[in-house]
Amino acid sequence: DHDSLYISGNHFKWFSRNKGKDGNNAITLVMELYDLSFAEAVQELTGYAPTSYPTDNNNPSESVVDARRAIAYLNKTRGISYDIIRPLLRSGHIKQDARGNCVFAVNDFDGNHVCDFLRGTTSKDFKQVKGEQHNFGFTVQNGKPLTLIFFEAPIDLLSFIQLGEIPLDNTLLIAMGGCKANVFRNYFDTYSESSCMLAVDNDTAGQEFVQSLYDASTAKRVTGILSPSPFKDWNEKLLAGLKETLC
């Protein structure tokens, strides 16, 4: 019985213990309620026990045990569900580096780590590719890769999953790290029997990218253009929908 505990959205205040303030999240709440460490609270919420990741020539970003900033950024700021974050944390596809950046691991076709897409977790708009990309992207696979769906950024890819716009059975979702034709071609040529869909941003750069890909070699296999219209990108669309549900 936690007397005088007030919870509103992602914030809590435990008056009798003078705990909590604006900005506290579910991890902090579980830590306070059950006297758990950060790692224990994350495991309680997600089923994932944070661990450190080795740093070597195949792992360009130095990761840390405490991933609370990356988790909070994806969930609270970007609206991504823990159900989507959890398995990617477990597999090492999402991590946090020593500077608090969210790290999206990029692997080759054999599962070897080649580089990282970094995304800042503060108000500063920081993005970086760390390591040599070698025409690969951040990927999430569900079943056999019978359909390839291409996005610009990992956060848009994750937002698209949460939105549930289309069934995602037997799909390979690829975030290219921008509008990168070389990344598109690498997957397009490797998965030569798969159909493709483009889900890039709804802006001039995205539209020009789509137009640049249409030629005789792609026309038959690019079966759809998915747009977050009227929003610029999929995360904007996700956040707008979440805001409506709270009203």
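This text gives an overview of the structure that appears in the document. (Residues numbered from 1 in each chain as written. Predicted model: local features only at pLDDT ≥ 70, side-chain atom pairs only at ≥ 80, totals over all residues. Heavy atoms only, no water.)

## Focus: the packing of aromatic side chains
Working step 1: Taken as a whole, this structure holds ten aromatic pairs when the rule is applied.
Working step 2: Seen in terms of ring centroids, F136 and Y187 are 6.2 Å apart; in terms of plane orientation they differ by 90 degrees. Their pairing is edge-to-face. Of this pair, F136 sits in the loop between strand 6 (127–131) and strand 7 (138–142) while Y187 sits in helix 6 (residues 181–190); the two residues are 51 residues apart in sequence, bridging distant segments of the chain. Each member of the pair, F136 together with Y187, is buried.
Working step 3: Through successive ring pairs, a cluster of aromatic residues spans F109, F136, Y187 and Y191.
Working step 4: Taking the ring centre of F188 as reference, the NZ or CZ of R221 above it sits at 3.7 Å. (Phe/Tyr/Trp six-rings, centres within 6.5 Å; stacked < 30°, edge-to-face > 60°. Helix = DSSP H or I, 4+ residues; strand = E, 2+ residues; numbered from the N terminus. Buried < 20%, exposed > 50% of the residue type's maximum accessible area, 1.4 Å probe, protein only. Lys NZ or Arg CZ within 6 Å of the ring centre and 35° of its normal.)

## Description of the environment of N182
Working step 1: Relative to the assigned elements, N182 resides in helix 6.
Working step 2: N182 gets classed as partly exposed once you look at its relative accessible area, which sits at 42%.
Working step 3: A C-alpha to C-alpha distance of 9.0 Å links N182 and H134, two positions 48 residues apart in sequence.
Working step 4: Only 2.6 Å separates the side chain of N182 from the side chain of N135, close enough to count as a polar contact. (Polar contact = N/O pair within 3.5 Å; in protein donor to acceptor, adjacent residues only side chain to side chain.)

## Section: helix 5 (residues 154–163)
Working step 1: Among the ten residues that make up helix 5, seven are buried, leaving the element largely enclosed by the rest of the structure.
Working step 2: When helix 5 is considered as a whole, its buried residues turn out to be P154, I155, D156, L157, L158, S159 and F160.
Working step 3: Looking one or two residues beyond helix 5, the residue adopting positive phi is G164, at roughly 65 degrees.

## Re the pattern of salt bridges
Working step 1: Taken as a whole, this structure holds seven salt bridges when the rule is applied.
Working step 2: Between R86 and D83 there is a salt bridge, with the nearest N and O atoms lying 3.2 Å from each other. Here the residue R86 and the residue D83 both occupy positions in helix 4 (residues 82–91), the gap between them amounting to three residues, near one helical turn.
Working step 3: What makes D83 exposed here is its relative accessible area of 52%.
Working step 4: Among the charged side chains, a network of salt bridges with common partners joins D201, D203, K232 and D233. (Salt bridge = Lys/Arg side-chain N within 4 Å of Asp/Glu carboxyl O.)

## A few points about the pairing of strand 9 (residues 171–175)
Working step 1: Most of strand 9 sits inside the fold, with five of its five residues counted as buried.
Working step 2: Residues of strand 9 alternate between two faces, with T171, L173 and A175 on one and L172 and I174 on the opposite face, all of them buried.
Working step 3: Sheet topology note: the strand 8 (residues 147–151)/strand 9 ladder contains five bridges and is parallel. Bridge pairing in strand 9 places F150 opposite I174.
Working step 4: Tracing the backbone out of strand 8, into helix 5 and back to the parallel element strand 9 gives a crossover that is right-handed. (Pairing = 2+ DSSP bridges. Right-handed = clockwise from strand over helix to strand, strands pointing away.)

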